[in-house]
Amino acid sequence: QMCIRDSFLIIHGLTGGSNKDYIQQLVRHAQKKGFRVVVFQNRGINQTPLTTYEVSNPSNSKDIQQAVNHIHQKYPKSKIVACGMSFGGNQLIRYLIDTQSKSLIEGAALVSTPFSVSKCIRGLNKSVFERYFVKRYLATVIWKYRHVLKPKEQEGVISIDEIMKSVTLADLYGSLHAKMFNFKDAWDYFKEADVHEEDLSLLDLSLIHI
């Protein structure tokens, strides 16, 4: 009789992806513990194609829901546990809050997850990390998939030229995500991804924050 393995879902951080060292180390460790490992990648990240104009939106859990549902459908007898790294933890919490008692995840861990995204973004302002991420995202997502985003520019929702001039994370999220998802500005968008203690009290599962 085949042993039923639990599934371990990993959600990367802001600049992550399955190719990053910290993700690969976690994958190897989980596999040694007997888990079936799945790494969720946000749209356009690490050569994941951007096939629609809708970029990754951490304030909306539908992509995580689709990934979790896929795992459950493929391995219905397997338990699912998840780990959100940094900003990935905010996405994981959003999923858990949105689904609550209907969640298919039975246990979760948050690693270095910023409960206040705005404070985290301000702390990164003008840092090497911020410059690296913005420059990389503009090159590998915005410019590479500008033809996919073009319809939204033609509708007057976004300006690709404006997005490409972004220097800070606030510039990037303000010119792209905030406009794409109808937020007032970048800071209004970041607020939506914040984690609140009262939200965590609604969750009925084992949750670890490291």
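Along each chain, the written sequence defines residue order, and numbers are assigned to residues from 1. In keeping with the predicted nature of the model, local features appear solely for residues at pLDDT of at least 70, side-chain atom pairs appear and are counted solely at 80 or more, and the whole-chain, interface and lining totals rest on all residues. Calculated side-chain values reflect all of the structure's heavy atoms, with hydrogen atoms and water omitted.

**Points about the side chain of Ser61**
Step number 1: Note on placement: Ser61 falls in the loop between strand E2 (36-40) and helix H2 (62-74).
Step number 2: Definition of a polar contact: a pair of N or O atoms within 3.5 Å, with one able to donate and the other able to accept a hydrogen when the atoms are protein atoms, and with sequence-neighbouring residues admitted only if both atoms are side-chain atoms. Here the side chain of Ser61 touches Asp98 through a polar contact of 2.8 Å, side chain to side chain.
Step number 3: Those residues in contact with Ser61 that sit more than four places away from it in its chain are Arg94, Tyr95 and Asp98. Here a strand is any run of E in DSSP of at least two residues, a helix any run of H or I of at least four, and the numbering for each starts at the N terminus. Residues are treated as being in contact if the distance between any of their heavy atoms lies within 4.5 Å.

**Observations concerning the confidence of the model for the protein**
Step number 1: Confidence of the predictor at the level of single residues is given by pLDDT, which spans 0 to 100. Per-residue confidence for the protein gives a mean pLDDT of 91, with 98% of residues at or over 70.
Step number 2: Mean pLDDT across the elements of the protein ranges from a minimum in helix H11 (residues 197-200), with 83, to a maximum in helix H7 (residues 160-164), with 98.

**A closer look at the packing of aromatic side chains**
Step number 1: Any pair of Phe, Tyr and Trp rings, taking the six-membered ring for Trp, is counted once the centres come within 6.5 Å. Such a pair is stacked with planes under 30 degrees apart, edge-to-face with planes over 60 apart, and tilted for the rest. Counting across every chain of the model gives 7 aromatic pairs.
Step number 2: Their ring planes at 75° and their centres at 5.3 Å tell us that Trp187 and Phe190 sit as a pair that is edge-to-face. You can see Trp187 and its partner Phe190 sitting in helix H10 (residues 186-192), 3 residues apart, about one turn around the helix.
Step number 3: Each residue is placed in one exposure class: buried if its accessible area under a 1.4 Å probe, protein chains only, is under 20% of its type's maximum, exposed if it is over 50%, and partly exposed if it falls in between. Accessibility expressed as a relative area gives 1% for Phe190, which makes it buried.
Step number 4: Ring pairing ties together the aromatic residues Tyr173, Phe183, Trp187, Tyr189 and Phe190, which thus form one cluster.
Step number 5: To sit over a ring, a charge needs its Lys NZ or Arg CZ within 6 Å of the ring centre and within 35 degrees of the ring normal. Arg122 extends its terminal NZ or CZ atom over the ring of Trp187, reaching a point 4.2 Å from the ring centre.
Step number 6: In this structure, Arg146 is placed above the aromatic ring of Trp143, and the distance from its NZ or CZ to the ring centre is 3.8 Å.

**Thoughts on the sheet that holds strand E1 (residues 7-11)**
Step number 1: Here, any two strands with at least 2 DSSP bridges between them count as paired. Sheet architecture is open: 5 strands sit in the order E2-E1-E3-E4-E5, paired in parallel fashion. Pairing within the sheet leaves two strands with one partner each, and these edge strands are E2 and strand E5 (206-209). Put simply, the sheet's adjacent strands are angled 15° from each other on average, direction ignored.
Step number 2: In this sheet, E5 lies alongside strand E4 (residues 105-111) in parallel orientation, the contact comprising 4 bridges. Paired with Ala109 across the strands is Ile208, a residue of E5.
Step number 3: Contacting E1, E2, strand E3 (80-85), E4 and E5, helix H3 (residues 87-99) crosses the sheet at an angle of about 150° to E4. Angles shown run from 0 to 180 degrees and are taken between the N-to-C directions of axes, each axis being a line fitted to C-alpha atoms and, for helices, limited to the stretch in contact.

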